[in-house]
Structures are given as structure tokens and as C-alpha cells.
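# Remarks on the overall topology
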Amino acid sequence: MLNYFSPKNKIHKINPDLQNRMKAAQDNLVERSFSNAHEFLEKVVDDLKIDVPLAKSLRSAPCDSITGLDHGELVNYWIKVLQAADLAAHAIPNHALNLAQQTQLVHAFDDPENALEQVEARVESVVNGFPKTASDIECGKNRGDVIDPYILAATQFLMCSGNFETAIGHMVAHKALMMIEGLMGHLHEDVLGIMRGNVRVPEPQGKGNKEILDPILNPFPGADVVQPPWSESRGLRIHQIKSKTGSAKGGDGRRLGEQLARLQSLYGGQIYYHALIGNTLVGHRSKAGVEKAAKDVVVLVGDASFKELTGSNHGPQLLLRVYQAAFQTVAIRTGYEVENLAVQISQEFKEKAQAHDDGYLEAILSSTVGGSPEEQDSRLFRKTNAKKKTKKRRTKKGK
């Protein structure tokens, strides 16, 4: 059974895999993984395979004497350690940066290497889908997601001094940025969910209404991350995480609040509603709806959210550190470069325009609004689809 819960608590009925992950989260806190600051930093230097003598005084120092330092302070700390080790002066700045980064990664994750691999895989899959050809810009995966020739014209003349190639670069970057924005929301939840002391709630499975609470398939509908109790005095904490204060509409707040309230009623503990990016609750779009539906909810933004989710005063840096490392690795691996692709893609558009004796914008306009009446007029579209469905049913019966 999970520690620090009443034997009667419904939490003991959730699926065994999630229970095991919650048990692991109760044990992987820095203070429970390392006896002192010396042990903690031994892990850091071992991970990087750097032979650096650590001060013996660290054996009597608590871990938070190191984890309480921010990134800049850690860099300065490691510079002094490396200087004392008589390392070549030219090598010290780079080693100090790497050691500071790894210190924050070990602070955040019990398995930094695995955390990085997970983030890199997610990021690389998105980068591989970035636009690379003119057809990628003309139309997305959804047939209705076509380039807007009027926005392209505005970009070309209002932002790029009439330069078509530069405008195409902006359009490529815009499409890639939209994909990055779609990535980041779930990435925040996943990465925070594998930090020390935290558990990422599994996505609902099975058929039907996935918002219905089910101990096996959907034990935490409405939550993204849970923190099991770390002691008798600290109860269960249930978190719903949004990227920004505007990530959820006002109407969504009530639904999310109702879900959080049901979870609190079933399992006990404290419920939280987060917006990671933001420095004030002013203008929060869904705050009122969440609070109306869940009277006991705590709504947090910015530093306050990160402190609650990471148990650290430097939570935003801990998240940035894993992203920084992963993004740099993926950038080298994929070699995606907007400027170079803009040249290639604009040349493709020019060749298409020349083939039809059109201007660049006219060619794009034609490809984005042209089509058959059966595809563009709902009166004809309905009839065409009805015939297709009838033909499909007859074909199946014939088999």
C-alpha cells in the first residue's frame, strides 16, 4: 500500500502500475536519494565523467546548500572548484557551464539521461514534421489548412519590403512555431510529471466518455500531475497544468474545476490549477470558472506554480535546463534551418508561377481558392458524399 494514506482511501484501488510510480516518487526526492551535498555532487561529476575533487566539508552539508543555488550561482561555484583543481584556465568556463547544467538536471530528475532522451524523442518527432517544401506550406495535414495568400501578401509588403523570399521564410517560421506551440503544452506536463516527487497521470484509455473516473483506466480525470504524500504532514497534491493563463477558455474552467473537485472528494488532498507562464492572476481567462466549481482550489501562475510543482525556488530554471539540453541536441541532429529552406521553397513557388505564366502570389492564390464546385458548394458537396456512401455500402454488400 502507498505510504501516508489511510487504508480506507480509494487511492489504493488505482491500477498497480500507477501505484508503483507513486511509491517511487515518494522515495526519489533529493533528500532521500543523497545523504549529503557531497553524495549529490558525486553523482553530478560521475555523470559527466569529470575528475574533480570535492571538498570534504560537503559531507556534513545538506543537499539544499547546493540545490538552493540558482544557475548563475552554480556556475560561479563550479568555477571556484575547477580553479582549485588547477584545471587549464581556457577550459574552466565551458566545464563550469556543463557542471552547473548537470547539477540542475540531477536536482530535477532521478534519471537525467532518461529524461533527456524522452524529451529529445518528442521534440525530434515534431521537428521532423516542420515544413520543408512548397507543398508543406501550401497545405497542411488537414486539406482545409491552406496558406492564406492575402496574409502572405501583407507579410511580403508590410514586413519584408516586398521581398518574396523573406516573406516565405516568415511563413515557414510561423507554421513551425504553431507546431512548437502545440508540442510545448503536453511537453510541460510530461517533463514536470517525471521530476522528483511527481507522477504524470496517464492519459485516459478505453472507449466512451474519457472524463468518467475509473480506478484502472482513468484514475485522475482532470489532472495532469500528482504528488503523493512525502510525510504524514504533507498530503496528496493534485495538479492541472496549463502553459499560460489564456490556454483554457473561461467555459473550460468550470469543467476542469468540477473534475478537480471530484478527485479531491474521492482521494482527499489539495487541488491546484496552474498556468506556468505568467506573472499575475490579472486577466486569467479560466480562474473564475475553476474557482466557482472547486471552492478549495488553489490557482497559481509563474514562479508560484513552479515552486509548488518542483519544490524548488528555481523551478523555471530546472525546466529550462532540460529543454535547453534537448533542443541543442535535436538542432544538431536535424539541421533544420529556416533561412536555407526559405530560399528553396520560394524557388519552388517561382518555378510553379513561371510554368503557368503567373506572378508568385497569383499562382498561390489560384492553388488555394481553386477547386471543383462539388468540393466547394455544400449543396453539391452533400449530394456527392451521399452518392459515395451509397456506392461504398453497395460494394460492401457485394462482397
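Attention in this report is confined to the structure presented alongside it. (Residues numbered from 1 in each chain as written. Predicted model: local features only at pLDDT ≥ 70, side-chain atom pairs only at ≥ 80, totals over all residues. Heavy atoms only, no water.)

As a further point, take the pairing of strand β4 (residues 270-277). For β4, the buried fraction is high: 6 of the 8 residues fall into the buried class. Where strand β3 (residues 237-244) and β4 come together, 7 bridges link them in parallel fashion. If you follow Lys242 over to β4, its bridge partner there is Ala275. Here 4 bridges tie β4 to strand β5 (residues 298-301), and the two strands are oriented parallel to one another. By the bridge assignment, Ala275 is partnered in β5 with Val301. (Buried < 20%, exposed > 50% of the residue type's maximum accessible area, 1.4 Å probe, protein only. Helix = DSSP H or I, 4+ residues; strand = E, 2+ residues; numbered from the N terminus. Pairing = 2+ DSSP bridges.)

So, about the packing of aromatic side chains. Applying the stated criterion to the full structure yields 7 aromatic pairs. Note on Phe164 and Phe349: the rings are 6.3 Å apart at their centroids and 80 degrees apart in plane angle, and the pair reads as edge-to-face. Residue Phe164 is located in helix α10 (residues 164-193), and its partner Phe349 is located in helix α15 (residues 338-355); the two are separated by 185 residues in the primary sequence. Taking the relative accessible area as the measure of exposure, Phe164 reaches 5% and is therefore buried. (Phe/Tyr/Trp six-rings, centres within 6.5 Å; stacked < 30°, edge-to-face > 60°.)

With that settled, consider the packing of α10 against helix α14 (residues 315-334). Between α10 and α14, the least distance of the axes is 11 Å, while the angle of their chain directions is 120 degrees. For the pair α10 and α14, the crossing hand works out as right-handed. On α14, the residues that touch Met184, Leu187, His188 and Val191 of α10 are Leu319, Val322, Tyr323 and Phe327. Residues that form the contact of α10 with α14 fall into these classes: 7 nonpolar, 1 polar and no charged. (Axes fitted to C-alpha atoms, helices over the stretch in contact; angles between N-to-C directions. Left-handed = near helix turned anticlockwise from the far one by under 90°. Contact = heavy atoms within 4.5 Å. Nonpolar A, V, L, I, M, F, W, Y, C, P; charged D, E, K, R; others polar.)

Along helix α13 (residues 302-310), the residues that are buried comprise Gly302, Ser305, Phe306, Glu308, Leu309 and Thr310. Among the structural elements, α10, β2 (225-227), β3, β4, β5 and α14 are those in contact with the buried residues of α13. A positive phi of about 70 degrees marks Gly311, the residue just after α13.

Using the criterion set out here, one finds 14 salt bridges in the structure. Between Arg200 and Glu203 there is a salt bridge, and its shortest N-O distance comes to 3.0 Å. The exposure class assigned to Arg200 is buried, which follows from its relative accessible area of 12%. Residue classification places Glu203 among the partly exposed residues on the basis of a relative accessible area of 47%. What emerges from the salt-bridge pattern is a single network uniting Arg122, Glu189, Asp190, Arg200 and Glu203. (Salt bridge = Lys/Arg side-chain N within 4 Å of Asp/Glu carboxyl O.)

Attention now goes to the packing of helix α3 (residues 37-48) against helix α6 (residues 92-108). Between α3 and α6, whose axes approach to 9 Å, the crossing angle comes to 120 degrees. One way to sum up the angle between α3 and α6 is to call them oblique. In this structure, the crossing between α3 and α6 has a hand that is right-handed. Across the interface between the two elements, Phe40, Leu41, Lys43, Val44, Val45, Asp47 and Leu48 from α3 touch Asn98, Leu99, Gln102, Thr103, Val106 and His107 from α6. Each residue belonging to the contact of α3 with α6 can be placed in one class, and the counts come to 7 nonpolar, 4 polar and 2 charged. (Parallel < 35°, antiparallel > 145°, perpendicular 65-115°, else oblique.)

Of note, Thr368 is situated in helix α16 (residues 360-369). Within polar-contact distance, the side chain of Thr368 engages the backbone oxygen of Ile364 at 2.9 Å. The residues touching Thr368, leaving out its near neighbours within four places in the chain, are Val146, Ile147 and Pro149. (Polar contact = N/O pair within 3.5 Å; in protein donor to acceptor, adjacent residues only side chain to side chain.)

What follows covers the side chain of Thr67. In this fold, Thr67 is placed in helix α4 (residues 64-67). Sequence-distant contacts of Thr67, that is, excluding residues within four places in its chain, are made with Val30, Phe40, His107 and His314.

Okay, α10 next. Each α-helix winds once per 3.6 residues, and so residues spaced three or four apart point in a common direction. An ideal rise of 1.5 Å per residue puts 44 Å on 30 residues; α10 measures up with 44 Å between its terminal C-alpha atoms. Along α10, the largest kink reaches about 30 degrees and is centred on Leu187. Sitting at the head of α10, Asn163 places a side-chain oxygen 3.0 Å from the backbone nitrogen of Glu165. (Expected span 1.5 Å × (residues − 1). Bend = angle between axes of the 7 residues up to and from the residue.)

Next up on the list: the environment of Met195. When you line up the elements, Met195 lands in the loop between α10 and β1 (199-200). Its relative accessible area of 2% is what places Met195 among the buried residues. Spatially, the C-alpha atoms of Met195 and Glu258 are 27 Å apart, while their sequence positions differ by 63 residues.

This paragraph deals with the sheet that holds β1. The strand order β1-β2-β3-β4-β5 describes an open sheet built from 5 strands, whose pairing is mixed. The strands lining the two open edges of the sheet, one partner per strand, are β1 and β5. Here β2 pairs with β3 via 3 bridges, running antiparallel. When the bridges of β3 are listed, Val225 appears paired with His239. Where α10 meets the sheet, its contacts fall on β1, β2, β3 and β4, and the angle it forms with β3 comes to roughly 155 degrees. In the packing of α13 onto the sheet, contacts are made with β2, β3, β4 and β5, and the angle to β4 comes to roughly 130 degrees.

In terms of nonpolar packing, the biggest core is built from 45 residues, with Leu152 and Val191 touching the most fellow members. At the level of secondary structure, the elements contributing two or more residues to this core comprise α6, α7 (112-127), α8 (134-138), α10, α13, α14, α15 and α16. The leading source of residues in this core is α10, at 11 residues. For Val191, the residues in contact, after removing those within four places along its chain, are Phe109, Val119, Leu319, Val322 and Tyr323. Ranked by size, the runner-up nonpolar core spans 25 residues in total, among them Phe5, Ile14, Val199 and Ala223. (Core = buried A, V, L, I, M, F, W, Y, C linked by side-chain atoms within 4.5 Å.)

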